[in-house]
Structure formats: C-alpha cells, structure tokens
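Observations on the model geometry
Each chain is listed here by its residues.
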Amino acid sequence: MRIVVSILLFWCWGSVLLVWAEPEEIGKKGCRECHRFSSEEKESNKGPDLFYAGDKFYKNWLNKFLQSPMVIREMNFFSGSDFLSEKANASEPHVALTKEGAKRVANFLMTLRLPNLEAGKVNDEPLSKAESVRAKMLFERSFGCISCHRALNLVGKVRGGVSGPSLVNSGLRLKPDWIFHWLKTPQKFMYKGRMPVFNLNEETATRLTKYILSIRTNL
Ligand code: HEC
Ligand code: HEC
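A closer look at the overall build of the protein
- When you go through the protein residue by residue, the secondary structure sums to eight helices and two strands.
- The burial tally for the protein puts 25% of its 219 residues in the buried class.
- In the protein, the proportion of contacts linking residues at least 24 apart, taken out of those at least 6 apart, comes to 69%.

Here it is as structure tokens:
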C-alpha cells in the first residue's frame, strides 16, 4: 500500500513539475521550430532567442504580444552575420495565443533566465534635459544607432533604420538591466548577429539605456 501511495505521489509531483516546466502551447504551436528556449538547443535562424526572456521582457508586454503580436523587426528576423544569404521569410503573422494560453506561456517565459546576470545596474532616475541631449548625440551621431533602429524625432515622429528591432516604446517591453547588459556585453546572450559590439564603458551604456527608455510615444 505504501509503495502504491509513494508511486502515486511521485507521479502527481512529476506532472506538477511538468506543468510548471512548460505549458502545452510551446509544443502544440511549434514555438521551438523558430525559438530557442534553452541555450543548449540548436541555434535557430527563424526567430529571436527566448532562453533569457525572464531577464529581457516585462510580463505584461509578453502577455499582450502573445495574444496580439505586433511587428518589432520590420526587416524580418535574421541571425548570424551572413544574413544576405538568408531568405527573408515573407512576413507571415506571428502565431497568437488565447488569453489563458498567453498567461501560461508568459509565466513560463519569465522563469527563463541567465544564471549570473547582475541586477541593479540602472537606477530609476531619468536623464536630465542636458544629459538627454548628450545621449541623443551618442545615439544618433557618435554610434549611429539610429541608422539601424527606429526612434522618435523631436516632434515625436518615428524615424530611423529598420535593420534592427524598433526601439520605440521599448521601455514598456525591455527591462533596463537587460538593455544595459545587451549594450555592454552582448556576448552574454550568445549573440553573433549583426549589431556591432561597441565596447562601451558603464557610464555610456547607462546613458544609452536611459535614453532608450525615454523613446516613447504618449501612451
Ligand atoms: C514560424 C516561426 C515562429 C514560430 C512558430 C513562433 N515564433 Fe515567436 N517570433 C518569430 C519571429 C520571426 C519573431 C520576431 C518578430 C518581430 O520582431 O517582429 C518572434 C517573436 C517572438 C517574441 C518576441 C521576442 C523578441 O525578442 O522580440 C516572443 C516572446 C515569441 N516570439 C514567442 C513565441 C511563442 C511562445 C511561440 C509559440 C506559441 C512562438 N513565438 C512561435 C517566429 C516564430
Ligand atoms: C548595423 C546596425 C546596428 C547598429 C548600428 C546598432 N544596432 Fe542595435 N541591433 C541591431 C540588430 C540587428 C539587433 C537585433 C538582434 C535581434 O534581432 O534580436 C539589435 C538589437 C538591439 C537592442 C535589443 C532590442 C531587442 O528588442 O532585442 C537594443 C536595445 C539595441 N540594439 C540598441 C542599440 C544601440 C543603443 C545602438 C548604438 C550604440 C545600436 N543598437 C546600434 C543592429 C544595430
């Protein structure tokens, strides 16, 4: 009898773990065909990596995106530096999930984190007006970020290149510490793509992070 109970308990616990580990939508909707959910998986060239989604995204944003996906990378997604040889897969709309499904998947994605990403790198204080002007110079002139990324001009019109993801309203999407680490050491994310590595110092990376957070329409 004791053995039967233990086996039953073990089985139940196993299922609970499995439910926590991964919602069924991931398998059913073929998310793994385009995304990596663990750094051990084979590199995908169809969609961005999600194995650090908990470090990168706000849960609210994920929840919304998974129910009604919007376009962030207008040029489609390419990985690897030899993107010219890759065929752009004509922009098919991203799979959408139900409200419940999105909630389950967003909760799961928030558990995917890198083990040693330092927190607390960027404080809440926004840039002063003068700092903001300097940061805009860095973004547009010194590093030419604007040539690959959408941002806003002085009167709030969207402008900028499209070979990288749009940074408009990314303060609702991306966590400040993640942006900082991405700018400072993209290697942490096993990234081998087309964004140049700038070797920024902490101060510049912080300034650019705060600048990115300020690129927002009046929502
Ligand atoms: C056919 C390939 C494909 C499938 C299947 C797919 N995705 Fe995506 N996914 C993409 C591409 C491409 C993007 C980038 C879209 C953009 O930037 O505009 C993306 C973006 C995302 C993002 C935002 C990531 C970021 O860095 O901006 C999340 C989160 C996501 N997908 C989750 C999922 C989940 C969960 C599933 C399964 C339910 C799934 N995807 C299925 C291709 C796919
Ligand atoms: C030559 C083009 C290019 C330049 C210049 C460039 N980037 Fe990028 N950037 C990219 C690409 C491509 C990616 C996307 C990788 C991907 O699709 O996940 C990216 C990703 C990012 C991301 C992460 C966005 C996300 O949603 O995953 C941020 C933040 C960012 N860049 C900021 C900057 C800043 C700040 C600068 C200037 C210091 C800059 N970039 C310069 C091409 C560029």
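From this point, the discussion proceeds with the structure in view.
Section: the site of ligand 1
- Near ligand 1 lie 23 residues; those nearest to it are Cys31, Cys34, Gly47, Ile72 and Arg73.
- The element that contributes the greatest number of residues to the shell around ligand 1 is helix H4 (residues 59–67), accounting for three residues.
- Its residues assigned to classes, the shell around ligand 1 shows 14 nonpolar, four polar and five charged.

A few points about the environment of methionine 110
- Mapping methionine 110 onto the fold places it in helix H5 (residues 99–110).
- You can call methionine 110 partly exposed: it has 15 C-beta atoms within 10 Å.
- Sequence separation between methionine 110 and phenylalanine 57 is 53 residues, and the spatial gap between their C-alpha atoms is 7.8 Å.
- Aside from chain neighbours lying at most four places away, what touches methionine 110 is Gly54 and Lys59.

Here we look at helix H6 (residues 129–142)
- Taking 1.5 Å as the rise per residue, H6 with 14 residues should run 20 Å; its terminal C-alpha atoms sit 19 Å apart, in good agreement.
- The positive-phi residue at the C-terminal boundary of H6 is glycine 144, with phi of around 60 degrees.

Remarks on the nonpolar core
- One finds Val105, Leu109, Ile179, Leu208 and Ile212 to be the most contacted residues of the largest nonpolar core, which totals 33 residues.
- Mapped onto this core, the elements with two or more residues apiece are H4, H5, H6, helix H7 (176–184) and helix H8 (202–214).
- In this structure, this core is formed jointly by two domains, domain 1 (2–109) and domain 2 (129–213), each of which donates at least three residues.
- Every residue in contact with isoleucine 212, bar those within four places of it in the chain, is listed here: Leu167, Ser170 and Ile179.

Brief notes about unusual backbone geometry
- Residue asparagine 169 is not a glycine yet carries a positive backbone phi of 60 degrees.
- If you trace the backbone, asparagine 169 turns up in the loop between strand S2 (158–160) and H7.
- In the Ramachandran plot, asparagine 199 falls in the positive-phi region, its phi being about 50 degrees despite a non-glycine side chain.
- Position of asparagine 199 relative to the elements: it lies in the loop between H7 and H8.

Some details on the packing of H4 against H5
- The interhelical angle for the contact between H4 and H5, taken along N-to-C directions, is 140 degrees, at an axis separation of 9 Å. On the basis of their axis angle, the class for H4 and H5 is oblique. Seen along the crossing, H4 lies across H5 with a hand that is right-handed. Here H4 contributes Lys59, Leu62, Asn63, Leu66 and Gln67 to the contact with H5, which in turn contributes Lys99, Ala102, Lys103, Val105, Ala106, Leu109 and Met110.
- For the contact of H4 with H5, the per-class residue count stands at seven nonpolar, two polar and three charged.

Digging into the packing of H6 against H8
- Closest axis-to-axis distance for the H6/H8 pair is 9 Å, and the angle between their directions is 100 degrees. By the angle between their axes, H6 is roughly perpendicular relative to H8. Facing Glu131, Ser132, Ala135, Lys136, Leu138 and Phe139 of H6, the residues of H8 in contact are Thr204, Arg207, Leu208, Lys210, Tyr211 and Ser214.
- Among the residues making up the contact of H6 with H8, the classes are represented as five nonpolar, three polar and four charged.

Digging into H7
- With respect to burial, H7 is a largely interior element, seven of its nine residues being buried.
- Next to the buried residues of H7 lie helix H3 (53–56) and H8.

Structural notes on the site of ligand 2
- Around ligand 2, the structure places 22 residues, and the nearest of them are Phe143, Cys145, Cys148, Gly164 and Met195.
- Residue assignment for the shell around ligand 2 shows that the elements contributing at least two residues are H7 and H8.
- Top contributing element to the shell around ligand 2 by residue count: H7, with three residues.
- Residue composition of the shell around ligand 2, by class: 14 nonpolar, six polar and two charged.
- Shared between two domains, the shell around ligand 2 holds at least three residues of each, these being domain 1 (2–109) and domain 2 (129–213).

So, how was this worked out
- Residues numbered from 1 in each chain as written.
- Chains lettered and ligands numbered in written order.
- Predicted model: local features only at pLDDT ≥ 70, side-chain atom pairs only at ≥ 80, totals over all residues.
- Helix = DSSP H or I, 4+ residues; strand = E, 2+ residues; numbered from the N terminus.
- Buried ≥ 20, exposed ≤ 12 C-beta atoms within 10 Å, placed from the backbone.
- Contact = placed C-beta atoms within 7 Å.
- Near = placed C-beta within 6 Å.
- Nonpolar A, V, L, I, M, F, W, Y, C, P; charged D, E, K, R; others polar.
- Expected span 1.5 Å × (residues − 1).
- Core = buried A, V, L, I, M, F, W, Y, C linked by C-beta atoms within 7 Å.
- Domains from an automatic or database assignment.
- Axes fitted to C-alpha atoms, helices over the stretch in contact; angles between N-to-C directions.
- Parallel < 35°, antiparallel > 145°, perpendicular 65-115°, else oblique.
- Left-handed = near helix turned anticlockwise from the far one by under 90°.

Shape descriptors only; they carry no functional weight alone.
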